[in-house]
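The lines below spell out each chain.
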Amino acid sequence: MEYVSRVPRPPLNGLIDDLYFLEGTAPYPWLTLPPAPSALLIVNLGAPFQIRSGGEAAEYADGCVVTMPTRAYEFSYPRWTRSVGVHFKPWGAAPFLAMPAAELCDRPVTLEQVWGRPAAAELRDRLAAAAGPHAMLALLEHELTRRLRDSAGLGLVRRASGLIAANGGAVAIGDLSAAAGVSSTHLAQRFKELVGVTPKRLARIHRFAAAVFAIDPAGPVDWGELAVRAGYFDQAHFGHEFRAFTGFTPTRYLEVRRRFLRDHPGHVFDGWPLPAD
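Residues numbered from 1 in each chain as written. Predicted model: local features only at pLDDT ≥ 70, side-chain atom pairs only at ≥ 80, totals over all residues. Heavy atoms only, no water.

A. How the structure looks around the sheet that holds strand β5 (residues 49-53). Pairing is antiparallel in the open sheet, where five strands are placed in the order β6-β5-β8-β3-β11. The sheet is open, and its two borders are formed by β6 (56-60) and β11 (274-275), each paired with just one other strand. Both strand β3 (residues 31-33) and strand β8 (residues 73-76) contribute to a ladder of three bridges, which runs antiparallel. By the bridge assignment, L31 is partnered in β8 with F75. (Pairing = 2+ DSSP bridges. Helix = DSSP H or I, 4+ residues; strand = E, 2+ residues; numbered from the N terminus.)

Spelled out as structure tokens, the structure:
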């Protein structure tokens, strides 16, 4: 599978972690994508793919937008997939949406629903005609720059989110409000509008992601020590959060990660998506 990634230039780099191109055969029929502090946009250039959440699968032909998720999704790619996409920072998708991010929370929508059918079709045609991955990403960056608009409260949310990320999610929400000079209610409202979730939920996801990325699947794992370092009350609390976010127990998650490493060493998807059992 080919994966090409690049960080966009200012001002998009304050909203986006990377733009990417993906082409090839998926390693498994279904992949579980645990929640992460990131929103996602996919412009599909191949056959439709599917997203399953809560047992129901929906098909996406032109692509999709997923604001920051609070639970795991399962993706099923066609035999050969081709797409370009955007990994947004938690607040990064808001300036490109015509609706509050909370309306899309845990509800993936098609590209057509966000930008309209003519615009989505035109973008897909232009990307499909571009001369290779780098030209595609340059074109997508230009399109996003053209669509960029102001979003009220973005600076506030960005600063508070930065504090949450810097502390690995281990931060008191009251302290965030005090540092920002606004009420907790106001801060939560802005987060729902621009991120899709409250600061407390974002902190939980950051803490979970920090714990997962601290796991070395190639070696032994001391779950109790890892839980304490990540800021959980105890190992039981950690296990509960892990199951809530992934559907796996920590030990089962480790088994599945090791299976991925064994079956597909060096694969571009290694590290976050997992085989869906």
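After presenting the structure, the write-up continues.
B. A look at the nonpolar core. Grouped together as the largest cluster of nonpolar side chains are 69 residues, with contacts concentrated most on V84, L127 and L144. When near neighbours in sequence (up to four residues on either side) are disregarded, L127 contacts V43, L45, V84, M136, L139 and L140. Core analysis: the next-biggest nonpolar cluster, separate from the first, contains 17 residues, F49, Y60, V66 and F269 among them. (Core = buried A, V, L, I, M, F, W, Y, C linked by side-chain atoms within 4.5 Å. Buried < 20%, exposed > 50% of the residue type's maximum accessible area, 1.4 Å probe, protein only. Contact = heavy atoms within 4.5 Å.)

C. Looking closely at the environment of T145. Looking at the secondary structure, you find T145 in helix α3 (residues 133-147). Distance from T145 to E193, taken between C-alpha atoms, is 21 Å for residues 48 residues apart in sequence.

D. Up close: the sheet that holds strand β1 (residues 2-6). Taken together, six strands build an open sheet; the order of strands is β1-β2-β9-β4-β7-β10 and the sheet is antiparallel. Unpaired on one side and paired on the other, β1 and β10 (109-110) mark the two borders of the sheet. Bridge analysis of strand β4 (residues 39-44) against strand β9 (residues 81-88) gives six bridges, and the strand direction is antiparallel. For V43, the partnering residue across the bridge sits in β9 and is V84. In the packing of helix α2 (residues 117-129) onto the sheet, the strands contacted are β4 and β9, and the crossing angle to β4 comes to about 70°. Most of the contacts of α3 go to strand β2 (residues 16-24), to which it runs at about 140°, and overall it touches β1, β2 and β9. (Axes fitted to C-alpha atoms, helices over the stretch in contact; angles between N-to-C directions.)

E. Local environment of helix α4 (residues 154-166). Given a rise of 1.5 Å per residue, 13 residues ought to cover 18 Å, and the 18 Å separating the end C-alpha atoms of α4 matches this to within 8%. Turning to α4, its buried residues number three or more, namely L154, L156, V157, A160, S161 and I164. Buried residues along α4 cover an arc of 155° about the axis, so they all sit on one side. The exposed set on the far side of α4, more than 90 degrees from its buried face, consists of R159 and A166. (Expected span 1.5 Å × (residues − 1). Arc of directions from axis to C-beta.)

F. Expanded view of the state of the cysteines. If you walk through the whole model with that rule in mind, you get zero disulfides. Cysteine C64 remains unbridged, with the sulfur of C105 as its closest cysteine sulfur at 15 Å. Classification of C64 by relative accessible area gives buried; the value is 0%. (Disulfide = S-S within 2.5 Å.)

G. Quick look at the pairing of β6. Summarising the sheet, β5 and β6 pair through five bridges and their orientation is antiparallel. By the bridge assignment for β6, R52 is matched with A57. What sits between β5 and β6 in their antiparallel hairpin is a turn of two residues, with G54 showing a positive phi close to 70°.

H. Spotlight on the packing of α2 against α3. Close contact between α2 and α3 brings their axes to 10 Å; oriented N to C, the two are set at 150°. In terms of their interaxial angle, α2 and α3 are classed as roughly antiparallel. α2 and α3 meet at a crossing whose hand is right-handed. Contacts between α2 and α3 pair A119, L123, R126 and L127 from the former with M136, L139, L140, E143 and R147 from the latter. By residue class, the composition of the contact of α2 with α3 is six nonpolar, no polar and three charged. (Parallel < 35°, antiparallel > 145°, perpendicular 65-115°, else oblique. Left-handed = near helix turned anticlockwise from the far one by under 90°. Nonpolar A, V, L, I, M, F, W, Y, C, P; charged D, E, K, R; others polar.)

I. Structural detail: unusual backbone geometry. Following P10, the chain continues to P11 via a peptide bond in cis, the omega torsion being 5°. Within the secondary structure, P11 sits in the loop between β1 and β2. Phi is positive for D106, close to 55°, though the residue is something other than glycine. Assignment of secondary structure puts D106 in the loop between β9 and β10.

J. Highlighting the packing of α4 against helix α7 (residues 199-213). It is the contact of α4 with α7, at a shortest axis distance of 9 Å, that shows an interaxial angle of 30°. Between α4 and α7 lies a crossing of right-handed hand. Note on element contacts: α7 touches α4 through P199, L202, A203 and H206, opposite S161, I164 and A165. Residue composition of the contact of α4 with α7, by class: five nonpolar, two polar and no charged.

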